[in-house]
Amino acid sequence: MWIDTHCHLDAPEFDRDRQAVIERASQAGVGMIVVPAVMPSTFETARQAALQCQGTYALGIHPLFARQAGDDAIDQLRAALQQHHADPRLVAIGEIGLDHFVESLKDPASNALQDRVYAAQLALAVEFELPVIVHVRRSADGLLKHLRRLKQQGKAIQGGIAHAFNGSAQQAQAFIDLGFKLGFGGAMTFDRALQIRRLAADLPADAIVLETDAPDIPPHWLYVLEQDRAKGVTSRNEPAELPRIAQTLAALRGWSLDQTRDLTTANALQALPRLKPLFRA
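A few points on the structure. Nothing here was measured: the structure is a model prediction, and the numbers come from that model. Residue numbering note: each chain is counted from 1, following its sequence as written. Given that this is a predicted model, residues contribute local features only at a pLDDT of at least 70 and side-chain atom pairs are listed and counted only at 80 or more, while totals for whole chains, interfaces and linings are drawn from all residues. Working from all heavy atoms in the structure, the side-chain values ignore hydrogens and water.

Moving on, we get to the pattern of salt bridges. Throughout this description, the term salt bridge denotes a Lys or Arg side-chain nitrogen within 4 Å of a carboxyl oxygen of Asp or Glu. Under the definition given, this model contains 13 salt bridges. A salt bridge links Arg 24 to Glu 238, with the nearest nitrogen and oxygen atoms 2.8 Å apart. In this pair, Arg 24 sits in helix H1 (residues 18–27) while Glu 238 sits in the loop between helix H9 (226–229) and helix H10 (242–253), placing the two residues 214 residues apart along the sequence. Each of Arg 16, Asp 17, Arg 24, Arg 236 and Glu 238 takes part in salt bridges that share partners, so that together they form one network. Secondary structure follows DSSP: runs of H or I at least 4 residues long count as helices, runs of E at least 2 residues long count as strands, and numbering of each begins at the N terminus.

What follows is the structure, given as structure tokens:
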């Protein structure tokens, strides 16, 4: 069975047919879905979506929602972690991180807020002994800086996943050295995504996990041009696409599909140890 290590199954895009999406994923052989929250208002929806698909969830504050989450977001996250820490389906703190791509978040105040929220969540990951799922978008060096600082202080994070990784080979190795796996999904299926495809082909076999980021980051066969999106045509991704996305990784690595499944599943179980007793191959 496959593991989708990053799927926003609680997103409004799935409200009309969430159960059908879950059934299609199961029929496609996706045996576990990890549902990361993005801010306190989605903590419970992420948890409920995970329960509905018999999957798992993560709790965190996404950098794109750091301002919207409110001044007490970290306190709310701490309270939720205290409430649910014993829940075996809570597998990580996430989705957290930094985003230096979105224009509206490039001002000094936004950067400072992202830094504060990210650092505070890393501290909670240390306190609650959970791995993290990090958002990496033109921000790998900043993410690594905070992780290295904790390691130097003897408070190393218990690894996790660098979601939708698109940095350099050197940055990839730095995450790997800190105990992280790197997430690859729909972006890898585009021929023009040369850097991502090189990384997918060349990174150590034990460093790669698969994800959809559904409903986002559609693979090339679901991609809709801007003019069509303006007409209301959607490019919604879903977890059932994971095995087909995996075919790209298999082709890039020269692996069989079975080998790709077994390796990426083992990597996911290592990155998120709480998955192990729940996952049934």
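Our next topic: the environment of Ala 46. With respect to the helices and strands, Ala 46 occurs in helix H2 (residues 43–52). Only protein chains enter the calculation, and the probe is 1.4 Å; a residue is then buried if its accessible area is under 20% of its type maximum, exposed if over 50%, and partly exposed in between. With a relative accessible area of 0%, Ala 46 lands in the buried category. Between the C-alpha atoms of Ala 46 and Leu 210, which are 164 residues apart in sequence, the distance is 19 Å. Note on contacts: a residue pair qualifies if any of its non-hydrogen atoms lie within 4.5 Å across the two residues. Setting aside its immediate chain neighbours within four residues, Ala 46 contacts Asp 10, Val 35, Pro 36, Ala 37 and Tyr 57.

All right, on to the layout of surface pockets then. Of the pockets and cavities examined, the largest pocket occupies roughly 1,100 Å³. Points on a 1 Å grid over protein atoms alone make up a cavity when a 1.4 Å probe fits among them but cannot get out, and a pocket when they form an open set with protein on both sides within 12 Å along at least five of seven lines; lining residues each have an atom within 4 Å of a point. Lining the largest pocket are 43 residues; nearest its centre among them are His 135, Arg 137, Asp 213, Asp 216 and Ile 217. Of the residues in the lining of the largest pocket, the class split is 21 nonpolar, 13 polar and nine charged. In this structure, the second largest pocket occupies an estimated 240 Å³ of space. The wall of the second largest pocket is formed by 14 residues, among which Val 30, Gly 31, Met 32, Cys 53 and Gln 54 lie closest to the centre. Residue assignment for the lining of the second largest pocket shows that the elements contributing at least two residues are H1 and strand E2 (30–36). Looking at the lining of the second largest pocket residue by residue, the classes come out as eight nonpolar, four polar and two charged. Grid points are joined across faces, edges and corners, and a volume is the space filled by probe spheres set on the points. Each residue is assigned to one class: nonpolar for Ala, Val, Leu, Ile, Met, Phe, Trp, Tyr, Cys and Pro, charged for Asp, Glu, Lys and Arg, and polar for all the others, Gly among them.

This brings us to unusual backbone geometry. With omega at 10 degrees, the peptide bond leading from Gly 94 into Glu 95 counts as cis. Residue position: Glu 95 is located in strand E4 (residues 90–99). The amide bond that connects Ala 214 to the next residue, Pro 215, takes the cis arrangement and shows omega of 10 degrees. Tracing the chain through its elements places Pro 215 in the loop between strand E8 (208–210) and H9. Even without being a glycine, Gln 54 presents a positive backbone phi close to 55 degrees.

This brings us to the pairing of strand E7 (residues 180–184). A large share of E7 lies buried, amounting to five of its five residues. Here E7 shows a buried face lined by Phe 180, Leu 182 and Phe 184 and a second buried face lined by Lys 181 and Gly 183. In short, DSSP must find at least two bridges between two strands for them to pair. In this structure, strand E6 (residues 160–163) lies alongside E7, joined through three bridges in parallel fashion. By the bridge assignment for E7, Ala 162 is matched with Leu 182. The β-α-β motif built from E6, the intervening helix H7 (residues 169–177) and the parallel element E7 has right-handed crossover chirality. For E7 and E8, the ladder comprises three bridges, and the chain directions are parallel. Bridge pairing links Phe 184 to Leu 210 in E8. Each parallel crossover has a hand, and the one from E7 via helix H8 (residues 194–202) to E8 is right-handed. Whether a crossover is right-handed comes down to one check: with the strands pointing away from the viewer, does the path from the first strand over the helix to the second run clockwise; if it does, it is right-handed.

Moving on, we come to the side chain of Thr 42. Within the secondary structure, Thr 42 is located in the loop between E2 and H2. Here Thr 42 falls in the buried class, since its relative accessible area comes to 13%. Aside from chain neighbours lying at most four places away, what touches Thr 42 is Asp 10 and Ala 37.

We now examine the packing of aromatic side chains. Working definition: a ring pair exists when centres of Phe, Tyr or Trp rings (six-membered ring for Trp) sit within 6.5 Å. Plane angles under 30 degrees give stacked, over 60 give edge-to-face, the rest tilted. Following the criterion strictly, the structure yields three aromatic pairs and no others. Taking the centre distance of 5.8 Å and the plane angle of 80 degrees together, the rings of Phe 165 and Phe 175 count as edge-to-face. Of the two residues, Phe 165 is situated in the loop between E6 and H7 and Phe 175 in helix H7; the sequence distance between them amounts to 10 residues. Neither Phe 165 nor Phe 175 differs from the other in exposure class; each is buried. Consider the rings of Phe 190 and Tyr 223, whose centres lie 5.7 Å apart with planes at 90 degrees: the pair is edge-to-face. One end of the pair, Phe 190, is in the loop between E7 and H8; the other, Tyr 223, is in the loop between E8 and H9, with 33 residues separating them in the sequence. Since its relative accessible area comes to 11%, Phe 190 is described here as buried. Among the aromatic side chains, those forming a connected cluster through ring pairs are Phe 165, Phe 175 and Phe 180. Only when the NZ atom of a Lys or the CZ atom of an Arg is both within 6 Å of the ring centre and within 35 degrees of the ring normal do we say a charge sits over the ring. When the ring centre of Trp 221 is taken as origin, the NZ or CZ atom of Arg 244, which lies over that ring, is 3.9 Å away.

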